[in-house]
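Listed below, chain by chain, are the residues.
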There are 4 protein chains.
Amino acid sequence: MTDNDTVPTSKPTSKKTELLATAARVFAEHGYRATTVRRIADEAGMLAGSLYYHFDSKESMLDEILSAFLDELWTGYDAVLAAGLGSRETVEALVAESFREIDRHRDAVAVYQKEWRHLVGLPRFGYLAASQRKFEQAWLGTLQRGAAEGVFRADLDPRLAYRFLRDTVWVAASWYRPDGEHGPEEIARQYLSMVLDGLAAQP
Amino acid sequence: MTDNDTVPTSKPTSKKTELLATAARVFAEHGYRATTVRRIADEAGMLAGSLYYHFDSKESMLDEILSAFLDELWTGYDAVLAAGLGSRETVEALVAESFREIDRHRDAVAVYQKEWRHLVGLPRFGYLAASQRKFEQAWLGTLQRGAAEGVFRADLDPRLAYRFLRDTVWVAASWYRPDGEHGPEEIARQYLSMVLDGLAAQP
Amino acid sequence: MTDNDTVPTSKPTSKKTELLATAARVFAEHGYRATTVRRIADEAGMLAGSLYYHFDSKESMLDEILSAFLDELWTGYDAVLAAGLGSRETVEALVAESFREIDRHRDAVAVYQKEWRHLVGLPRFGYLAASQRKFEQAWLGTLQRGAAEGVFRADLDPRLAYRFLRDTVWVAASWYRPDGEHGPEEIARQYLSMVLDGLAAQP
Amino acid sequence: MTDNDTVPTSKPTSKKTELLATAARVFAEHGYRATTVRRIADEAGMLAGSLYYHFDSKESMLDEILSAFLDELWTGYDAVLAAGLGSRETVEALVAESFREIDRHRDAVAVYQKEWRHLVGLPRFGYLAASQRKFEQAWLGTLQRGAAEGVFRADLDPRLAYRFLRDTVWVAASWYRPDGEHGPEEIARQYLSMVLDGLAAQP
DNA sequence: TATGAATGAGCGTTCATTCAT
DNA sequence: TATGAATGAACGCTCATTCAT
């Protein structure tokens with residue numbers, strides 16, 4: 001019996017996963033283009049060339065970061081959408097889920113926000129466009145359903161309301177840092193309060 | 001009498017101004033880093049080296065684009081702030097002014113949004129930090145004044161409300177395109193309606 | 001038993017050292033400014049960009065060439081100055097050491113001669129000025145000591161004599177090529193004879 | 001009667017001559033390659049392109065600077081050589097003439113010293129090689145005649161003595177600045193004393 | 001698995017030069 | 001005579017990528 005027989009007991013975050021986390025952090029901080037693969041390697045304690053044992057290219061790192069994030073996002077979103085909630089409860093649950101994803105994938109979200117516009121046209125990143133279509137259907141559909149039911153205001157351009165809601169939530173990724181008093185649930189609660197009831201005092 | 005006799009009545013946009021508009025457009029579309037000076041020159045119909053007759057560097061183009069935008073922005077903001085309006089009217093006027101600036105400097109705003117985080121630490125762009133401090137004072141002060149006067153809700157974290165409002169307005173630059181039905185004033189009106197009164201139907 | 005069995009006995013001049021020798025040769029021949037890094041790379045059998053694996057910049061090549069030369073020069077000079085020789089013997093030993101350095105670092109000396117005036121003001125090359133001050137102290141001090149002791153003529157402007165001696169020796173680097181009959185020791189001997197006793201026939 | 005009628009009374013240094021003096025000064029200070037034509041134009045108070053009304057190229061400025069200097073040098077040298085002096089007096093007169101030329105054409109001499117090696121191979125500057133051949137004949141011949149006559153030491157390699165004398169005089173151009181006490185004649189006198197009689201005290 | 005060394009395409013920039021005005 | 005604007009070639013340098021070891 002040798003050491004090789006033992007199963008690793010520490011959580012099996014593979015080297016690859018660690019490298020992706022490092023890359024995501026640097027991409028988020030400096031932008032994808034401005035990040036050199038040498039910089040990623042430095043922060044990972046290896047030489048630039050060595051990364052190519054783990055990844056085909058810098059672009060494939062970006063690809064894996066974004067698709068991993070979107071996979072998790074849709075796992076959460078799909079669960080909400082399948083739960084058969086009312087339209088207001090659906091919006092609340094989607095917003096809460098969004099802030100939870102921002103909390104868990106902050107770097108990936110920041111990278112996504114910065115880069116999707118330049119990537120969406122590339123064949124390799126075709127899934128971004130697909131995700132965005134599905135995303136818009138989910139949100140816009142919920143808002144329109146709510147407007148028809150009298151839960152949401154009917155006097156607003158639904159597309160404008162959709163963009164307002166979408167941007168308002170996701171831009172938070174650029175500054176949101178979890179701390180003692182503002183966990184993702186608390187941020188979500190306050191955001192929902194602002195978005196649904198407005199900033200103006202009730203008369 | 002021929003056209004040649006007339007003095008040009010359209011403002012004589014200098015070559016430099018035209019080049020800055022071209023550069024801003026390309027920066028906005030592809031990002032500052034990803035934009036090559038050869039690309040800018042191509043779109044301006046000249047060779048890359050020729051740009052250096054008009055500008056010291058690629059960075060100085062960016063500088064001129066951003067500072068021209070901020071100068072105009074503050075001209076508008078300062079007028080609003082000096083008008084002695086009530087806090088709600090001030091917010092309405094600032095939002096309207098913001099959409100007007102987005103309309104007139106769409107490319108510059110997009111560049112600003114994408115790049116300020118990487119620029120704010122550079123000595124040359126120190127004015128960005130100064131502008132941001134002044135910006136926060138203006139908005140946050142107005143929101144707090146309104147909360148104290150009972151015009152805005154007092155149960156919200158004012159910093160969160162400030163960020164919400166700020167992001168919500170400026171992110172619009174990334175998708176807003178003026179068209180027949182949605183001029184900047186109309187967009188501002190609808191945004192204000194959402195932001196102040198919320199998306200939920202009134203009970 | 002083949003050649004492959006023998007351990008290389010020649011000192012293993014590193015790639016970096018070889019590249020510096022190549023660079024020094026090209027700098028000496030064409031001047032630092034007129035030398036392109038592509039030219040150096042060509043002569044080293046690589047591409048221009050590859051040089052940057054070994055060096056930070058063209059300027060750092062120059063820096064390493066000059067500081068390596070000055071280090072060796074001062075090793076020799078310091079040994080002479082510490083030997084406690086008489087003033088005439090000190091001059092003779094310094095001249096001999098100088099020609100030995102010219103012989104071993106001919107390219108570096110030529111580069112030094114051509115470029116020091118443009119470099120001495122740059123912070124990076126501050127050590128050039130320090131070296132020159134120390135150099136002048138060593139030579140001028142020795143000449144003045146010899147004049148006081150009656151070994152050297154006392155009717156000459158010492159600063160003029162210093163410059164005369166300094167230039168006279170080092171300019172030789174621009175034409176000196178070692179050959180069978182004129183090794184550095186022989187050149188030094190004849191130079192000393194001219195410098196100390198003059199060209200005129202003794203009456 | 002108008003101002004236009006007056007004949008210029010100041011010496012008619014043409015614009016071209018002024019520009020050449022400016023160019024020579026900048027070439028001497030920074031080197032030919034490192035000098036931009038824009039810099040010359042700046043110092044002359046015009047734009048770079050304007051220089052091309054006066055000169056064909058940057059190289060032609062260099063050409064005119066060097067050939068003007070050599071013309072004057074040879075006027076002086078030829079007069080000395082034609083005077084039928086003894087060999088020692090010839091050497092003394094040539095040295096004195098050299099320092100006079102250094103005094104009057106300091107910039108041109110400095111440029112010559114720095115650049116001749118890179119120019120001598122170019123067809124346009126073929127006259128440099130011709131001048132150098134003639135120069136060597138004049139000096140070497142005089143030294144050899146003097147050695148044969150017993151005026152100069154016969155135990156020295158004449159070529160070495162020639163180079164020693166040549167370099168020793170002309171390198172002075174790199175540091176010589178005329179002042180109250182050291183005019184060209186005084187410098188020449190002291191140099192001749194060192195060169196002919198040596199630095200050592202007479203026994 | 002990782003390294004050391006190199007590649008090659010492309011980047012921002014410089015600069016001598018041209019030329020219509 | 002001089003200017004303003006442009007050209008085009010070349011420069012120093014960067015960087016994603018490759019590959020023998």
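Since this is a predicted model, take the numbers as computed values, not measurements. (Residues numbered from 1 in each chain as written. Chains lettered and ligands numbered in written order. Predicted model: local features only at pLDDT ≥ 70, side-chain atom pairs only at ≥ 80, totals over all residues. Heavy atoms only, no water.)

Draft legend 1. Main features of the protein's contact with DNA strand E. Taken together, 31 residues lie near DNA strand E, and Tyr52 of chain B, Tyr53 and His54 of chain C together with Val37 and Tyr52 of chain D sit nearest. Put simply, 68% of the atoms of DNA strand E that lie within 4 Å of the protein are in sugar or phosphate. Within the contact set of DNA strand E, a phosphate oxygen lies 3.1 Å away from a backbone nitrogen or oxygen of threonine 35 of chain B. Valine 37 of chain B is positioned such that a nitrogen or oxygen atom in its backbone is 2.8 Å from a phosphate oxygen of DNA strand E. Among the secondary structure elements, those contributing two or more residues to the surface near DNA strand E are α3 (51-54) of chain A, α2 (37-44) of chain B, α3 (51-54) of chain C together with α2 (37-44) of chain D. Here the residues of the surface near DNA strand E sort into 11 nonpolar, 14 polar and six charged. (Near = heavy atom within 4 Å. Polar contact = N/O pair within 3.5 Å; in protein donor to acceptor, adjacent residues only side chain to side chain. Helix = DSSP H or I, 4+ residues; strand = E, 2+ residues; numbered from the N terminus. Nonpolar A, V, L, I, M, F, W, Y, C, P; charged D, E, K, R; others polar.)

Draft legend 2. Up close: the environment of histidine 118 of chain D. Checked against the element boundaries, histidine 118 of chain D lands in helix α6 (residues 106-119). According to the relative accessible area criterion, histidine 118 of chain D is partly exposed, its value standing at 28%. Distance in space between the C-alpha atoms of histidine 118 of chain D and glutamate 59 of chain D is 12 Å, their sequence separation being 59 residues. Sequence-distant contacts of histidine 118 of chain D, that is, excluding residues within four places in its chain, are made with Glu29, His30, Gly31 and Lys114 of chain C. (Buried < 20%, exposed > 50% of the residue type's maximum accessible area, 1.4 Å probe, protein only. Contact = heavy atoms within 4.5 Å.)

Draft legend 3. Structural detail: the relation of the copies chain B and chain A. For the pair chain B and chain A, the relating rotation is 180°, the translation along its axis is 0.0 Å, and the fit reaches an RMSD of 0.1 Å. The operation mapping one copy onto its partner corresponds to a two-fold rotation axis. Relative to the rotation axis, the closest C-alpha in chain B is found at glycine 198 of chain B, a distance of 1.9 Å. The residues that chain B uses at the interface reappear at the interface of chain A in 100% of cases, marking a shared surface. (Least-squares fit on C-alpha atoms with pLDDT ≥ 70 in both.)

Draft legend 4. Up close: the interface of chain D and chain C. Opposite the 40 residues of chain D that make contact, chain C presents 40 residues. The contact between chain D and chain C buries some 3800 Å² in all, and 60% of this surface belongs to carbon and sulfur atoms. Remark: the boundary between chain D and chain C carries zero salt bridges. Our count for the chain D to chain C interface comes out at 23 residue pairs in polar contact (both at pLDDT 80 or more). (Buried area = accessible area lost by both parts, 1.4 Å probe. Salt bridge = Lys/Arg side-chain N within 4 Å of Asp/Glu carboxyl O.)

Draft legend 5. Structural context of the relation of the copies chain D and chain C. Placing chain D over chain C gives an RMSD of 0.1 Å and needs a rotation angle of 180°, together with 0.0 Å of translation along the axis. When the interface residues of chain D are mapped onto chain C, 100% of them again lie at the interface, so the same face is used by both copies.

Draft legend 6. Focus on the packing of aromatic side chains. Taken as a whole and judged by the stated rule, the model has 48 aromatic pairs over all chains. Measuring from centroid to centroid gives 5.7 Å for tyrosine 191 of chain A and phenylalanine 164 of chain B, while their planes differ by 85°, and the two rings are edge-to-face. Of this pair, tyrosine 191 of chain A sits in helix α9 (residues 184-197) while phenylalanine 164 of chain B sits in helix α8 (residues 158-170), on two different chains. Assessed through its relative accessible area of 1%, tyrosine 191 of chain A is described here as buried. Summarising the aromatic geometry, the rings of tryptophan 74 of chain B and tyrosine 77 of chain B are spaced 5.5 Å apart at their centres and angled 80° between planes, so their arrangement reads as edge-to-face. Here tryptophan 74 of chain B and its partner tyrosine 77 of chain B are both found in helix α4 (residues 58-81), three residues apart, which amounts to about one turn of the helix. For tyrosine 77 of chain B, a relative accessible area of 0% puts it in the buried group. By the ring-pair criterion, three or more aromatic residues cluster together here, those being Phe69, Trp74, Tyr77, Tyr112, Phe135, Trp139 and Trp170 of chain A. (Phe/Tyr/Trp six-rings, centres within 6.5 Å; stacked < 30°, edge-to-face > 60°.)

Draft legend 7. Region of interest: the interface of chain B and chain A. Opposite the 40 residues of chain B that make contact, chain A presents 40 residues. Roughly 3800 Å² is buried in total at the junction of chain B and chain A, and carbon and sulfur atoms are behind 60% of that figure. Considering only the side of chain B, the residues that lose the most area to chain A are Arg153, Phe164 and Leu199 of chain B, jointly responsible for 20% of the buried surface there. Counting the contacts that link chain B with chain A gives zero salt bridges. Taken together, the connections running from chain B to chain A amount to 24 residue pairs in polar contact (both at pLDDT 80 or more). Every element with two or more residues in the side of chain B that touches chain A is listed here: α1 (15-30), α6 (106-119), α8 and α9 (184-197) of chain B. Taken together, the residues of the side of chain B that touches chain A sort by class into 18 nonpolar, 11 polar and 11 charged.

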